[in-house]
Amino acid sequence: MVNSSHPMNAVSAALVLSMSPILLLLGIVGTFAETGQMRIVFLVMAAGGLMMLIGGIRMLVKWRRAVAEETAHQNDIRATVGPRPAALPQEPQPSALTSGEPVLAHWVYEPGEWNAYTRGEVKRRMGEWIVVAVILMIVGLVSSSGGGEEGRTMLFAATLVAVMILVGGMLMAKGDHQANVSGPGEAIITPSAILLNGRYHVLRNDTYSFGGVRFDEAATPPQLEFTIGWSTRRGPAGDRIRIPVPAGRAEEARKVVAAFGGR
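Residues numbered from 1 in each chain as written. Predicted model: local features only at pLDDT ≥ 70, side-chain atom pairs only at ≥ 80, totals over all residues. Heavy atoms only, no water.

Caption draft 1: Just the side chain of S20, in detail. For S20, the location among the structural elements is in helix α1 (residues 7–33). Accessibility expressed as a relative area gives 0% for S20, which makes it buried. Setting aside residues no more than four positions away along its own chain, S20 makes contact with G49, M52 and L53. (Helix = DSSP H or I, 4+ residues; strand = E, 2+ residues; numbered from the N terminus. Buried < 20%, exposed > 50% of the residue type's maximum accessible area, 1.4 Å probe, protein only. Contact = heavy atoms within 4.5 Å.)

The structure is reproduced here in structure tokens:
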């Protein structure tokens, strides 16, 4: 799920904030307790702790602002299109939000369509996590090739992390794409975000950039595939959000693609 208000962003900020005071305190104490070259090391440590503290606070403030903004946008979407339907409506009509942003599409799905989509998404996401776990296992095997206690420790650590990734990936995949049990699946598409069965996905904001959309008519069911990108310290990263297109709505899907500047 791509959004700036994801709880993991708050967890990351909390981890940074929990470590920074320790580093800062050790650096300050060492600076006054040591002399010579070690004093420079402790000065650098104190500076690093201070930068982490400032960075953690900024991360937390940014997350709280994102929660407020994305919740307001989600409420605006829901208020515009009305309550989530308990059954398939006849013809849900696109409209505009109070901000003036248009609702490009509002789709609801037959149970068979939605279940086919969620099953395919769970398999795809699990496949991605399995690849990551296999790579970790290979790294562990290569690292343990020298034998000895260190080799066995590396293999055990890699195996443990791989298992945790598989279990976590399975839970996240099923949680993000679980079948709807209280009514039909639903998708609401706007130029800046998608509300997919009640889950908010950002398409563009200060953190995420929109990378394009294409209509995959060969998929089962047919899907709109949105590409989202963002920057990390290691370079650019990205993800894809796939939205199923209900039967008989292919022309609407093409209009959505055209609204984003695609063909």
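Picking up where we left off.
Caption draft 2: Looking closely at the nonpolar core. Ranked by size, the top nonpolar core spans 32 residues in total, and within it W107, I189, L224, F226 and I243 carry the most contacts. Examining the composition of this core, we find that 4 residues originate from one element, strand β3 (residues 193–196), more than from any other. Setting aside anything within four residues of it in sequence, one finds I243 in contact with W107, Y109, A187, I189, I194, L196, P222, Q223, L224 and F226. (Core = buried A, V, L, I, M, F, W, Y, C linked by side-chain atoms within 4.5 Å.)

Caption draft 3: A look at the sheet that holds β3. Across the sheet, 4 strands lie side by side as β1-β2-β3-β4; this open sheet has antiparallel pairing. The open sheet has two edge strands, β1 (105–108) and β4 (199–202), and neither has a second partner. Pairwise comparison of adjacent strand axes, ignoring direction, gives a mean angle of 10° for this sheet. Alignment of β3 against β4, held across 4 bridges, turns out to be antiparallel. By the bridge assignment, A193 is partnered in β4 with V202. Strand contacts of helix α2 (residues 37–81): β1, β2 (186–189), β3 and β4, with the helix running at about 115° to β4, the strand carrying the most contacts. (Pairing = 2+ DSSP bridges. Axes fitted to C-alpha atoms, helices over the stretch in contact; angles between N-to-C directions.)

Caption draft 4: Examining the packing of aromatic side chains more closely. As enumerated under the stated definition, the model contains 6 aromatic pairs in all. With a centroid separation of 5.2 Å and an interplanar angle of 45°, the aromatic rings of W114 and Y117 are classed as tilted. Placement of both W114 and Y117 in helix α3 (residues 111–143) is noted, with a separation of 3 residues, approximately one turn of the helix. Comparing W114 with Y117 shows no difference in burial state: the two are buried. For the pair Y208 and W230, a centre-to-centre distance of 5.4 Å together with 80° between the ring planes defines the contact as edge-to-face. (Phe/Tyr/Trp six-rings, centres within 6.5 Å; stacked < 30°, edge-to-face > 60°.)

Caption draft 5: Expanded view of the sheet that holds strand β5 (residues 209–216). Spatially, β5-β6-β7 is the arrangement adopted by the 3 strands of the open sheet, whose pairing is antiparallel. Looking at the sheet topology across the chains shown, the edges are occupied by β5 and β7 (235–244). Pairwise comparison of adjacent strand axes, ignoring direction, gives a mean angle of 20° for this sheet. In this sheet, strand β6 (residues 223–232) lies alongside β5 in antiparallel orientation, the contact comprising 7 bridges. Bridge pairing in β6 places G212 opposite T227.

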